[in-house]
Protein chains: 2
Amino acid sequence: MRATVTTASSAPSSRALPHPVCEEIRLEGVLHALSDPVRLRIVRRLAAEGVELSCSHFDLPVTKSTTTHHFRVLRESGVIRQTYEGTAKMNGLRRTDLDGLFPGLLDALLAAAARQEARHGVR
Amino acid sequence: MRATVTTASSAPSSRALPHPVCEEIRLEGVLHALSDPVRLRIVRRLAAEGVELSCSHFDLPVTKSTTTHHFRVLRESGVIRQTYEGTAKMNGLRRTDLDGLFPGLLDALLAAAARQEARHGVR
DNA sequence: AGGCTCGTACGATAAGCATCGTAATACGGG
DNA sequence: CCCGTATTACGATGCTTATCGTACGAGCCT
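In this text, all values refer to a predicted model and were calculated from it rather than measured experimentally.

Definitions and cut-offs
In this convention, every chain numbers its residues from 1, walking through the sequence in written order. Chains carry letters and ligands carry numbers; both start at the beginning, A for chains and 1 for ligands, and go up in the order they are written. Given that this is a predicted model, residues contribute local features only at a pLDDT of at least 70 and side-chain atom pairs are listed and counted only at 80 or more, while totals for whole chains, interfaces and linings are drawn from all residues. The basis for every side-chain value is the complete set of non-hydrogen atoms in the structure, without hydrogens or water. By the criteria applied, helices consist of DSSP H or I runs no shorter than four residues and strands consist of E runs no shorter than two, each listed in order from the N terminus. Per-residue accessibility, obtained with a 1.4 Å probe over protein chains only, is compared with the maximum for each type, and a residue is labelled buried under 20%, exposed over 50%, and partly exposed between these values. Contact definition: two residues touch when any of their heavy atoms are within 4.5 Å. Surface accessibility follows the Shrake-Rupley procedure with a 1.4 Å probe radius. Residue values consider only the protein chains on display as shielding. Basic side-chain nitrogens of Lys or Arg form a salt bridge, by our definition, when they fall within 4 Å of a carboxyl oxygen of Asp or Glu. Axis lines are fitted through C-alpha atoms, for helices just across the contact stretch, and the angle between N-to-C directions can take any value from 0 to 180 degrees. Relative orientations are named as follows: roughly parallel for angles under 35 degrees, roughly antiparallel for angles over 145 degrees, roughly perpendicular for angles from 65 to 115 degrees, and oblique for any other angle. Least squares is the method for superposing the copies, and the C-alpha atoms it fits come from residues with pLDDT of at least 70 in both. For any pair of parts, buried area is found by adding up, for both, the accessible area (1.4 Å probe) each one loses once the two are put together. Whenever a nitrogen or oxygen atom comes within 3.5 Å of another N or O atom, the pair is scored as a polar contact, on the condition that within protein one atom can donate a hydrogen and the other can accept it, and that pairs from neighbouring residues in sequence are kept only if both atoms are in side chains. Lys, Arg, Asp and Glu make up the charged group, whereas Ala, Val, Leu, Ile, Met, Phe, Trp, Tyr, Cys and Pro make up the nonpolar group; the residues left over, Gly among them, are polar.

Draft legend 1. Molecular detail of the overall build of chain A. The helix and strand inventory of chain A stands at 5 helices and 3 strands. N-terminal to C-terminal, the α/β element order of chain A is α-α-β-α-β-β-α-α. The buried share among the 123 residues of chain A stands at 41%. Of the contacts made within chain A by residues no fewer than 6 positions apart, 62% connect residues no fewer than 24 positions apart. In the structure as shown, chain A presents an accessible area of about 7,200 Å², 53% of it carried by carbon and sulfur atoms.

The structure is reproduced here in structure tokens:
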């Protein structure tokens, strides 16, 4: 017997994705999330595009399982927001929240990443 | 008062402390180093004091062994510079180097840390 | 309905890391 | 020359994490 998912007109799907509220976002967690090259790459791409992207739009050097893991770390640390949209899962940077919590931090991090890439070239 | 300074130019002792040069400092490494609460605390203290401090001037909730470990991580990631001065080991923030590599990043990180402490500390 | 695509859950594994205690080393002073 | 202080080195341990493969569930399309 399956759980009759009550009318649920607000949420398009029954799948719940827990996100930390702003007060729960920890700087250490954000830094740890961004200290992984794969995750930093994801965040840079999200920031560059400026829109929500589905997981499959990223060309990452890891398997799908690992990709799921990295997106979850980013979501649980408060860096991105994930929402289901049909079969796709959309990912958006929590820019407003992060800027409110740590003004200027995200921009400084993105600028630093861009600078490092410019210095070392794309490898 | 400097007493019995050893031979001025070369290393004062056989103890070598390898530091990364600027080009070797990686953003991911810096973020990883600062994602540990103990290390973030060390860096904040160094930034606040603005001068070099010996390891024993820090009151950290870990043993000496662990303290040594954290200082080494900070040094190897390029965040601090360590030099021997007699029996003491002095630690200084590599502010100039970091500002040159990633302008604004260190200040943004320190501001973010201060903001988080203000939020969670004084009510 | 049946298949297709996207993403998840669940193990499993191997590496990394924060932590500690103890023994050892370097340096300065009596 | 020995002693005390400051710090490291080494070895151990338990936890976290990055990675994978495979099997499963959820929604779209014909």
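From this point, the discussion proceeds with the structure in view.
Draft legend 2. Region of interest: the pattern of salt bridges. Residues and elements named next belong to chain A. Tallied over the full model, the rule gives 15 salt bridges over all chains. With its nearest N and O atoms 3.2 Å apart, the salt bridge here joins Glu28 to Arg26. Using a relative accessible area of 13% as the deciding quantity, one classes Glu28 as buried. Exposure remark for Arg26: the relative accessible area of 36% places this residue in the partly exposed category.

Draft legend 3. A look at the packing of helix H2 (residues 37-49) of chain B against helix H5 (residues 105-120) of chain B. All names here are of chain B. At a minimum axis distance of 11 Å, the contact between H2 and H5 shows a crossing angle of 110°. The orientation of H2 relative to H5 falls into the category roughly perpendicular. Only Leu110, Ala113, Ala114 and Glu117 of H5 make contact with H2, whose side of the interface consists of Leu40, Val43, Arg44 and Ala47.

Draft legend 4. Focus on the relation of the copies chain A and chain B. Overlaying chain A with chain B gives an RMSD of 0.1 Å, the required rotation being 180° about an axis along which the chain moves by 0.0 Å. Here the symmetry operator amounts to a two-fold rotation axis. With an isologous cut-off of 70% or more, the 100% of interface residues of chain A that recur at the interface of chain B puts this contact in the isologous class.

Draft legend 5. Here's a closer look at the interface of chain A and chain B. Listed per partner, the contact involves 25 residues of chain A and 25 residues of chain B. With both sides pooled, the region where chain A packs onto chain B buries about 2,200 Å², and carbon together with sulfur makes up 63% of that total. When the area that chain A buries against chain B is broken down by residue, the three leading residues are Glu28, Leu31 and Gln116 of chain A, summing to 23%. At the boundary of chain A and chain B, one finds 0 salt bridges. Between chain A and chain B we count 6 residue pairs in polar contact (both at pLDDT 80 or more) in total. Of all the secondary structure elements, the ones that give two or more residues to the side of chain A that touches chain B are helix H1 (27-34), helix H2 (37-49), helix H4 (95-101) and helix H5 (105-120) of chain A. Examining the composition of the side of chain A that touches chain B, we find that 9 residues originate from one element, H5 of chain A, more than from any other. Class assignment of the residues belonging to the side of chain A that touches chain B gives a composition of 14 nonpolar, 6 polar and 5 charged.

Keep in mind these numbers describe shape, not what the thing actually does.
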